[in-house]
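# Observations on chain architecture
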Amino acid sequence: MEVKISDYSGDVVGTDWTPALLAAFEDIRVTGGSIYIDDDIKQESQLQLNTADTDYTNLMIRGDTGSVNQVAVYPADHAIYLNTNILNTVIRDMHFIGNTITDQGNPLFYAALANVLFSGALNKTLLENVMFTGLASPARIVFLYQTLARVVNCKFGGCSAADVVHAYAVKGLLMKHTEFYDYENFRKVYYDKSQGRTNWIKVDNPLAENTANTGIVRIEDCRFDEGSSNAVSIDGYASILDGCRHNLNGGGAGYIFTNCKFVTIRNNWSGYPAQDVPWAVFLDCGEVIIENCNVGQGVARVQADANTRVKIINSPNVTLERV
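Below, the structure is looked at part by part.

Glancing now at the packing of aromatic side chains. Summed over all chains, the structure comprises 17 aromatic pairs. Residues Tyr81 and Phe118 carry aromatic rings whose centres are separated by 4.7 Å and whose planes lie at 10° to one another, so their mutual orientation is stacked. Of this pair, Tyr81 sits in strand β6 (residues 78-82) while Phe118 sits in strand β8 (residues 115-120); the two residues are 37 residues apart in sequence, bridging distant segments of the chain. Look at Tyr81 and you get buried, because its relative accessible area is 17%. A ring pair is formed by Tyr255 and Trp279, whose centres lie 5.9 Å apart and whose planes are at 85°; its orientation type is edge-to-face. Taken together, the positions of Tyr255 in strand β25 (residues 255-258) and Trp279 in the loop between β27 (269-271) and β28 (280-283) put the pair 24 residues apart, joining distant regions of the chain. Both residues of the pair, Tyr255 and Trp279, count as buried. Each member of the aromatic cluster is reached from another via a ring pair, and the members are Phe96, Phe132, Phe156, Phe180, Trp200 and Phe224. The side chain of Lys155 reaches across the aromatic face of Tyr181, ending 4.9 Å from its centre. The cationic tip of Arg245 hangs over the ring face of Trp269; the distance from NZ or CZ to the ring centre is 4.5 Å.

Side chains of β25 alternate between two faces, with Tyr255 and Phe257 buried and Ile256 and Thr258 left unburied. Relative to β25, strand β22 (residues 230-235) runs parallel, the two being bridged by 4 bridges. Paired with Asp235 across the bridge in β25 is Thr258. Pairing of β25 with β28, which is carried by 4 bridges, proceeds in the parallel orientation. Bridged to Thr258 within β28 is Leu283.

A word on unusual backbone geometry. Excluding glycine, residues mostly have negative phi values, and the peptide bonds linking residues are mostly trans. A cis amide bond links Tyr74 to the next residue, Pro75, at an omega of 10°. Within the fold, Pro75 resides in the loop between β5 (57-71) and β6. Positive phi, close to 55°, is recorded for Asn153, a residue that is not glycine. The topology assignment puts Asn153 in the loop between β12 (148-152) and β13 (155-157). One non-glycine residue, Asn267, adopts positive backbone phi at about 55°. The partly exposed category is assigned to Asn267, whose relative accessible area is 40%.

Cut-offs applied
- Residues numbered from 1 in each chain as written.
- Predicted model: local features only at pLDDT ≥ 70, side-chain atom pairs only at ≥ 80, totals over all residues.
- Heavy atoms only, no water.
- Phe/Tyr/Trp six-rings, centres within 6.5 Å; stacked < 30°, edge-to-face > 60°.
- Helix = DSSP H or I, 4+ residues; strand = E, 2+ residues; numbered from the N terminus.
- Buried < 20%, exposed > 50% of the residue type's maximum accessible area, 1.4 Å probe, protein only.
- Lys NZ or Arg CZ within 6 Å of the ring centre and 35° of its normal.
- Pairing = 2+ DSSP bridges.

Listed below in structure tokens is the structure:
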């Protein structure tokens, strides 16, 4: 079953489409189905979707080749909160945008207080062909929690958060054909919220009881533009990075791995590494293989502790330092 958001325009309060989204979800809450965002909308309050009192539901939110949801819900904790008995969630062909305010001291700099998108305790979460532009949060833009997550063909431009994407205690993560940029131009408007960012991608699993269910993190054909943030920080997951590109001239480190059973980085290109910034750091990581990696305009420094075995294959200008 699919419902169109334009059919719920009567539920809009002022310019806030959140009540319309809730009404649309109510009509598919029991059976499951798709909410088709067939026009641009604005969201000014938290959208919380769950099905605690029903059977498990499959949900899709899809746009019309990039329908825009303008997010301005601060100080609400979340813009979109998906949790409890939603079995599988797909968000596809959407564009979430913030505003052009660049003063971090201005409360309106933020789109949400905690997360722009929270997807937790779901069986599977898929973000496909989704853009996030000019969004800021003190915490995260996307928070994936205890779900098998896939992020494919997405783009984060001009976004700011402690962690732009944070996967916490996930059952596995595939990040593919996804780009992270300091800035974005959209409809002749320039967005840049480069302050306050620590990681483009953070993955960790502090919940010991989930260790047995931990899957693999795969990051493939992704691009990380320059900026003060680290490209990838992973703790506690076997990881494979394949075919990624990263500019290191903004001061952030490249890849940081801790407590990973094994790590493979292959077919990677990195440009302009700063002398005081490591290309990769490995702590208590078992076995690491770096293969067919190229570095432009400098030398990539790999730092590893004594508990990590490192093999470097066909990767000129990649050097190993013991820490």
